[in-house]
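# Structural features, examined
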Amino acid sequence: MWALSASILGCKHAAIGEAVRRAEKAGAQYIHIDVMDGDYVDNLTFGPQLVRELGELCSLPLSLHLETNRPDRYFRLFRDTPIHAVSFQLDACPNPLHLIREIRMSGKKVGLGIGPAVGLEPLRYVLPHLDSVTVMSVEPGYGGQVFEPSVYEKLRHVRRLSEELGHPVTLCVDGGVDTDKVAPLLEAGADVLICGTSVFRGDRIEENIAALLKSGGAGRAAARED
Ligand code: DX5
Ligand code: ZN
């Protein structure tokens, strides 16, 4: 059981609406929206107006990925937009439980993103409060980067921890995921694969999504990117 989440960072930004419509029709199960602040990462991306407009033209759940410092402030900018779930980066927030509760109180699912060079030790104390964990296989900030294979070991670790704590979470992988990584990532325990470049490359959205879904076994039921 797994799901494909299309990360709009990888599409032509001048035609985001059309790209999202096509991704939905082609079988993506989530739309992943990276918010970057030019501070936590060097890049700048999307704001609340785009999210509202995407909510009007697309019926897929919209997942917000805050790659920002002060994720509490950024979350508040998006609180009233039609997002289904919010993730923020563990190393961007010294007191994550406050923000986790605030996101939950707003009725949205909550997740934590963990960069490739960030350790998993604190997760033991936070995981029971989460719906999802996003293990990042690239440093946050840009699409099209090289996949870090350390993500496999981390996925297995988070899966074991979740079982040990008796608290199931949805395991997402974000960054550098292409057709050749789908099967091994699912094997390592991933539920949701977040794909930018591999979905939108060459504007061949339909063919790209078909290839990704096929790599993971067609006809499998959708997981949730919570
Ligand atoms: C990176 C973002 C990813 C990005 C992945 O900071 O969090 O969601 O869109 O893009 P690809 O699939 O191109 O690595
Ligand atoms: Zn992301």
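You'll find the structure just up there.
Attention here is on the structure that accompanies the text. Computed from a predicted model, the values in this text were never measured in an experiment.

## Focus on the coordination of the zinc ion (ligand 2)
Here the zinc ion (ligand 2) is held by the protein donor atoms H32 (NE2), D34 (OD), H65 (ND1) and D174 (OD), which lie 2.1 to 2.3 Å from it. Given six donor atoms and angles of 70 to 170° at the metal, the environment of the zinc ion (ligand 2) is assigned as octahedral. As a motif over one chain, the donors of the zinc ion (ligand 2) read H-x1-D-x30-H-x108-D. Accessibility expressed as a relative area gives 3% for D34, which makes it buried.

## Considerations on the pairing of strand 3 (residues 62–67)
Burial analysis of strand 3 places six of its six residues in the buried class, the great majority of the element. The two faces of strand 3 match: L62, L64 and L66 on one face and S63, H65 and E67 on the other face are all buried. Both strand 2 (residues 30–36) and strand 3 contribute to a ladder of six bridges, which runs parallel. Paired with H32 across the two strands is S63, which belongs to strand 3. Regarding the hand of the β-α-β motif, the stretch spanning strand 2, helix 2 (residues 48–57) and strand 3 is right-handed. Pairing of strand 3 with strand 4 (residues 85–89) involves four bridges; the strand directions are parallel. Among the inter-strand pairings, H65 is bridged to a residue of strand 4, identified as S87. In this fold, the crossover linking strand 3 to strand 4 by way of helix 3 (residues 71–78) has right-handed handedness.

## As for the site of ligand 1
In the neighbourhood of ligand 1, 19 residues make up the surrounding shell, with S7, E67, D174, G176 and T197 lying closest. Contact between ligand 1 and S7: an oxygen atom at 2.6 Å from a side-chain N or O atom of the residue. Within the contact set of ligand 1, an oxygen atom lies 2.8 Å away from a backbone nitrogen or oxygen of G144. When ligand 1 sits alone it has 380 Å² of accessible area, and the protein chains cover 99% of it. The set of elements that each furnish at least two residues to the shell around ligand 1 consists of strand 2 and strand 3.

## Quick notes on the pattern of salt bridges
The final tally for this structure, using the stated rule, is twelve salt bridges. A salt bridge links R79 to E102; its shortest N-O distance comes to 3.3 Å. Pair noted here: R79 is in the loop between helix 3 and strand 4 and E102 is in helix 4 (residues 96–105), with a separation of 23 residues, a long-range link. Looking at R79, the relative accessible area reads 31%, which means it is partly exposed. Where salt bridges share partners, they join R70, D72, R76, R79 and E102 into one cluster.

Definitions and limits used
- Residues numbered from 1 in each chain as written.
- Chains lettered and ligands numbered in written order.
- Predicted model: local features only at pLDDT ≥ 70, side-chain atom pairs only at ≥ 80, totals over all residues.
- Heavy atoms only, no water.
- Donors = N, O, S within 2.8 Å, 3.2 Å for Na, K, Ca; no water.
- Tetrahedral: all angles 85-135°; square planar, octahedral: opposite > 155°, others 65-115°.
- Buried < 20%, exposed > 50% of the residue type's maximum accessible area, 1.4 Å probe, protein only.
- Helix = DSSP H or I, 4+ residues; strand = E, 2+ residues; numbered from the N terminus.
- Pairing = 2+ DSSP bridges.
- Right-handed = clockwise from strand over helix to strand, strands pointing away.
- Near = heavy atom within 4 Å.
- Polar contact = N/O pair within 3.5 Å; in protein donor to acceptor, adjacent residues only side chain to side chain.
- Areas by Shrake-Rupley, 256 points an atom, 1.4 Å probe, with all protein chains shown as cover.
- Salt bridge = Lys/Arg side-chain N within 4 Å of Asp/Glu carboxyl O.

By themselves, these are just geometric observations and shouldn't be taken as functional.
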